[in-house]
Protein chains: 2
Amino acid sequence: MFVHHVFFWLKSPNDATVRAEFTKALQELVTISTIRQSHIGIPAATNRPVVDNTYAFSLLLMFDNKADHDDYQDDPDHHRFIERCSAWWERVQVYDAVETD
Amino acid sequence: MFVHHVFFWLKSPNDATVRAEFTKALQELVTISTIRQSHIGIPAATNRPVVDNTYAFSLLLMFDNKADHDDYQDDPDHHRFIERCSAWWERVQVYDAVETD
């Protein structure tokens, strides 16, 4: 299992139109066929010093393996998502994780 | 669905004994009953500017809802994990995410 977790900080995180368009774009993005499981999220109502709840949207994607993740990165629909949405984000942070030995 | 993603940076990330003990402790931790799905990870072999691959271990936990997550936080086995492992870590970063509306 390959876990790809992306956090987006938006330039206008409270703009309802941007939020709706961004959500729609994420919902279309997660239909890419190599994605085994997905979760589109917003910060939960947890508030501890170790919790970063400053992001606007999170995107969790799970793939069977790195090859499927790499195919996703190259997918035309993924490139279209970036073209469509990148002007809205201020910062993107990604963590990729694979199983321990 | 409630997504709880934790990243651990260790004081001695290359110490094989610490890594083995930490892995074992994580494997025991994820048996807590309210956890619906889990993934214990290490950084994948991806290397882009947006990817943070400096952490030592990642722990992804999925719960049905926030109440189950809150129960997990209070679980004696979770407290034992913190007691057993916290001396090894240098930094912990958590992201909690729930579904968008």
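Quick caveat: nothing in here was measured; it's all calculated off a predicted structure. Every chain is numbered on its own, with residues counted from 1 as its sequence reads. Naming scheme: in the order in which they are written, chains are lettered from A and ligands are numbered from 1. Under the rules for a predicted model, residues below a pLDDT of 70 receive no local features and side-chain atom pairs below 80 are neither given nor counted, while totals for whole chains, interfaces and linings still include all residues. The side-chain values count all of the structure's non-hydrogen atoms but skip hydrogen atoms and water molecules.

**A few points about the confidence of the model for chain A**
- pLDDT expresses how confident the predictor is about each individual residue, on a scale running from 0 to 100. Across chain A, pLDDT averages 96, with 99% of residues at or above 70.
- Our summary of model confidence lists the complex with pTM equal to 0.96 and ipTM equal to 0.95.

**Considerations on helix α3 (residues 76-85) of chain B**
All names here are of chain B.
- Every buried residue of α3 is listed here: His-78, Phe-81 and Cys-85. All buried residues of α3 project into a common sector of 55° when viewed along the axis, lining one side.
- Where α3 is buried, its residues touch β1 (2-10), α1 (16-29), α2 (66-74) and β4 (89-99). Three exposure classes are used, based on accessible area relative to the maximum for each residue type with a 1.4 Å probe and protein chains only: buried under 20%, partly exposed in between, and exposed over 50%. Only DSSP runs of H or I with at least four residues qualify as helices, and only runs of E with at least two residues qualify as strands; both kinds are numbered from the N terminus onward. Regarding the arc, it is the one traced by the directions from the helix axis to the C-beta atoms. Contact definition: two residues touch when any of their heavy atoms are within 4.5 Å.

**Details of the environment of Ser-86 of chain B**
Residue and element names in this part refer to chain B.
- Residue position: Ser-86 is located in the loop between α3 and β4.
- Among the residues examined, Ser-86 registers a relative accessible area of 29% and is labelled partly exposed.
- In the structure, Ser-86 is positioned 33 residues away from Asn-53 in sequence and 21 Å away in space, judged by C-alpha atoms.

**Quick notes on the packing of α2 of chain B against α3 of chain B**
Residue and element names in this part refer to chain B.
- The contact between α2 and α3 brings their axes to 5 Å, and the two run at 50°. What the angle tells us is that α2 and α3 run oblique. Counted together, Tyr-72, Gln-73 and Asp-74 of α2 and Pro-76, His-78 and His-79 of α3 form the full contact between these two elements.
- For this scheme, ten residues count as nonpolar: Ala, Val, Leu, Ile, Met, Phe, Trp, Tyr, Cys and Pro. Four count as charged, namely Asp, Glu, Lys and Arg, and the remainder, Gly too, count as polar. Per-class residue counts for the contact of α2 with α3 are two nonpolar, three polar and one charged. The axes used here are C-alpha line fits, helices contributing only the stretch in contact, and every angle between their N-to-C directions lies in the interval 0 to 180 degrees. Each angle receives one of four descriptions, namely roughly parallel if under 35 degrees, roughly antiparallel if over 145, roughly perpendicular if within 65 to 115, and oblique otherwise.

**A closer look at the sheet that holds strand β3 (residues 57-63) of chain B**
- Here we have eight strands rolled up into a closed barrel, ordered β1(A)-β3(A)-β2(A)-β4(B)-β1(B)-β3(B)-β2(B)-β4(A), and antiparallel in their pairing. Geometrically, the sheet is characterised by an average inter-axis angle of 30° between neighbouring strands, direction not taken into account.
- When DSSP locates at least two bridges between a pair of strands, those strands are taken to pair. Of the pairings in the sheet, the one linking strand β2 (residues 37-43) of chain A to strand β3 (residues 57-63) of chain A comprises five bridges and is antiparallel in character. Looking at the pairing, Ser-38 of chain A lines up with Leu-61 of chain A of β3 of chain A.
- Sitting on the sheet, helix α1 (residues 16-29) of chain A touches β1 (2-10), β2, β3 and β4 (89-99) of chain A, and the angle it makes with β3 of chain A is about 0°.

**Quick word on the packing of aromatic side chains**
Residues and elements named next belong to chain A.
- Within 6.5 Å between ring centres, the rings of Phe, Tyr and Trp (the latter by its six-membered ring) count as paired, and their orientation is classed by plane angle as stacked under 30 degrees, edge-to-face over 60, tilted in between. Counted under the stated rule, the structure contains 31 aromatic pairs over all chains.
- Geometrically, the ring pair formed by Phe-8 and Trp-89 is tilted, given 5.3 Å between the ring centres and 40° between the ring planes. With Phe-8 in strand β1 and Trp-89 in strand β4, this residue pair connects regions lying 81 residues apart in the sequence. Each member of the pair, Phe-8 as well as Trp-89, carries the same accessibility label: buried.
- Centroid distance Trp-9 to Tyr-55: 6.4 Å. Interplanar angle 80°. Geometry classified as edge-to-face. Of this pair, Trp-9 sits in strand β1 while Tyr-55 sits in the loop between β2 and β3; the two residues are 46 residues apart in sequence, bridging distant segments of the chain.

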